[in-house]
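Residue-level structure breakdown
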Amino acid sequence: MTAIELHKLVKSYGAVKALKGLSLKIPKGSLYGLLGPNGSGKTTTLKIICTLLAPDAGKVTVSGIDALQDPRAVRQEIGYVAQEVAIDKILTGLELLELQGDLYHLNKATRDKRIQELVDRLDMAEWINRRSGTYSGGMKRRLDLASGLLHEPKVLILDEPTVGLDIESRSKIWKLLKEFHKQGKTILLSSHYLEEVDALASEMAIMDCGTVIAKGSPEELKKELGGDRVTLRVKEFSNEVESEQIQKLLINIHGVRQVVINKAEGYSLNLVIDDEAVLPFLKQELAKADFQVFAMTQSRPSLDDVYLQATGRRLMDRELEVAGQRDFKQENKNSMR
Amino acid sequence: MTKSNNLDLRKNFLQTRMNEIAQETFALTKRLFLQLIRRPSTLIVGILQPLIWLILFGALFANAPQELLPGGMSYGRFLGAGVIVFTAFSGALNAGLPIMFDREFGFLNRLLIAPLSSRSSIVLASVIYITAISLLQSAAIMATTYLLGYGWPSTVGLLIVLVTLLMLVFAVTAMSLGLAFALPGHIELIAVIFITNLPLLFASTALAPISYMPTWLGWLACLNPLTFAIEPIRAAYAGPFDLDMILIHAPYGEVTGLGCLSILMVLSIGLFLIIRPLLNSKLA
């Protein structure tokens, strides 16, 4: 069963194409991770699902309901936890939850009962009667999670749920999401944290520049990629000439699949090898050519490697690249009603 | 299914929908009042400012020759009606501010994600809130004018005052809400409020009768919606009110009490009709 289906979504902000024909199926009961660097279109996708934005073209279905035809019914299905938490600072957390309950037309008894449950469950009792302006980032996020859950939605959507949070709040939210997943709720979350998606998601898609570039379970994606990752340095800081020499040397060794020079990290070399057995041989060859091994680390493929494979860039590098280009002020203006 | 059954279903559906709209509107209005109670400065300033007008302007022109004022009333009495209207007007002018802040801080998005039965609830809550506040502020000013010895209207007069203020408040609220959605941010909105406020006051009959004014200003005053609210209230304070009484001797003709009220009504309905497409598109 499919909880959310996106079909060829297109969305532009002026000249900027945020989504370029994005298609995605999110199975019922999955904890679905949407991984991608900032600016890859994650938030736009989530906003379209939540009926906050209309796509320029494409189709959105939530629990079988067409979101463009019947947005109100879709809103009832969804609980949304936005990226920047918009709360009314002057109200207390409890008052905000009550307002939320009334906007979803819960009757008073149900509303108050559920609020009590969520306050206990999210450990908010101590401060829920304080004005929300005094809350820390973690408290705000928990409050927002509570308001997203208040009407017991079938689908919970979270945009970067733990960005900028302290470790305690983060692990609390992770634990909760895992619980909901176990209870069979459908959860869709976006993140640019690899470990978050890796730790939580039962299924995932990697987004880049407004399209999906890979999808599957985190395990599958890593397995498909295969091989082990080795990072090699012959000196703390090498140079271009030297690293190219080593690249030529290593690429000819049987069992070495790929050698990439990482200029950003002092011309270290990133290798993909078939298995560990290649390593002793690799060291031998280096010694023969008079190169010393300054440092060598070996790891299983990570989601970052999946991203690297698909785009030719590391997620972090892409992040830095985009960081200077985005005009958040303009984006805010665009998203203002 | 029988016909009556069908009708029952429809009635039920309507009933549910009305209940839902009432629930969400009540919740949204409650939020605005909670904000006000915890941050009462706007309410207080909204009363203080007209009060200062009343006292300072009243003192400034206390010795104005009474025969120059309509009906030979004292200047304080004359000014009272103007300040009451000004209070309601500047109160209602702020109607768009909460919505503008909600737009800017993204709280509006939170409201729009909820399955509101009607998004008019958001607008309706603002109208209820600002109407209550403006009337409260005006009542405070009316009480002050009474204490200053500027009189109190009869029961019928009080009704006229209430109806007049309500229609003015609706019209101004509609304009302010429209601006709150049309303008890019609160700075622009505050700027518009700021530059609308005083010129409309001066170009009305709040502070001086038309006979004091040069022709061009007289023309402006006779086109100014504030004048159509001030004159009925002034008449209601002056004595028995009659809808056919001529209240404004405008360069373009004479306007009766009924004329003033009709103009205000057309204005408030017209403004709501004008901003409707904008609200629909912004809240779609």
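Preceding this paragraph is the structure being described.
**Notes on the sheet that holds strand β1 (residues 2-13) of chain A**
Residues and elements named next belong to chain A.
- Ordered in space as β2-β1-β4-β5, the four strands form an open sheet in which the pairing is antiparallel. At either margin of the open sheet sits one strand with a lone partner, and together these are β2 (16-27) and β5 (65-66).
- Relative to strand β4 (residues 57-62), β1 runs antiparallel, the two sharing five bridges. Its bridge partner lying in β4, Ile4 is registered against Val62.
- Running over the sheet, helix α1 (residues 42-49) touches β1, β2 and β4 and is turned about 120° from β1.

**With respect to the pairing of β2 of chain A**
Residue and element names in this part refer to chain A.
- Where β1 meets β2, nine bridges bridge the pair, whose relative direction is antiparallel. When the sheet's bridge partners are listed, Tyr13 is paired in β2 with Val16.
- Counted between consecutive antiparallel strands, the loop separating β1 from β2 contains two residues, among which Gly14 sits at a positive phi close to 60°.

**Brief notes about the sheet that holds strand β3 (residues 31-35) of chain A**
Residue and element names in this part refer to chain A.
- Strand order in the open sheet formed by six strands is β6-β7-β8-β3-β9-β10, and the pairing between neighbours is mixed. Sheet topology places β6 (78-81) and β10 (211-216) at the edges, where each strand pairs with a single neighbour. The average angle at which neighbouring strand axes cross in this sheet is 15°, direction not considered.
- Its contacts with the sheet put helix α5 (residues 137-149) on β6 and β7 (155-159), and the angle it makes with β6 is roughly 170°.

**Observations regarding the packing of helix α7 (residues 155-182) of chain B against helix α10 (residues 225-238) of chain B**
Residues and elements named next belong to chain B.
- Relative to each other, α7 and α10 sit at 170°, their axes nearing to 8 Å. Between α7 and α10, the interaxial angle falls into the category roughly antiparallel. The residues of α10 that touch α7, namely those facing Gly157, Ile160, Val161, Thr164, Leu165 and Leu168, are Pro225, Leu226, Phe228, Ala229, Pro232, Ile233, Ala236 and Tyr237.
- Broken down by class, the residue content of the contact of α7 with α10 amounts to 12 nonpolar, two polar and no charged.

**A short note on the interface of chain A and chain B**
- With 29 residues of chain A at the interface, the matching set in chain B holds 32 residues.
- Of the roughly 2900 Å² buried where chain A meets chain B, counting both sides, 56% is carbon and sulfur surface.
- It is Ile90, Leu103 and Arg337 of chain A in chain A that bury the most area against chain B; as a group they hold 26% of the surface buried on that side.
- Seen at the junction of chain A and chain B, the total is five salt bridges.

**Focus: the packing of α10 of chain B against helix α11 (residues 257-282) of chain B**
Residue and element names in this part refer to chain B.
- Axis separation between α10 and α11 bottoms out at 9 Å; the angle between their running directions is 140°. As the angle between them shows, α10 and α11 are arranged oblique. Crossing hand, α10 versus α11: left-handed. Residues Pro225, Phe228, Ala229 and Pro232 of α10 form the contact with α11, whose participating residues are Cys260, Leu261, Ile263, Leu264 and Leu267.
- Classifying every residue of the contact of α10 with α11 by side-chain character gives nine nonpolar, no polar and no charged.

Scoring rules and cut-offs
- Residues numbered from 1 in each chain as written.
- Chains lettered and ligands numbered in written order.
- Predicted model: local features only at pLDDT ≥ 70, side-chain atom pairs only at ≥ 80, totals over all residues.
- Heavy atoms only, no water.
- Pairing = 2+ DSSP bridges.
- Helix = DSSP H or I, 4+ residues; strand = E, 2+ residues; numbered from the N terminus.
- Contact = heavy atoms within 4.5 Å.
- Axes fitted to C-alpha atoms, helices over the stretch in contact; angles between N-to-C directions.
- Parallel < 35°, antiparallel > 145°, perpendicular 65-115°, else oblique.
- Nonpolar A, V, L, I, M, F, W, Y, C, P; charged D, E, K, R; others polar.
- Buried area = accessible area lost by both parts, 1.4 Å probe.
- Salt bridge = Lys/Arg side-chain N within 4 Å of Asp/Glu carboxyl O.
- Left-handed = near helix turned anticlockwise from the far one by under 90°.

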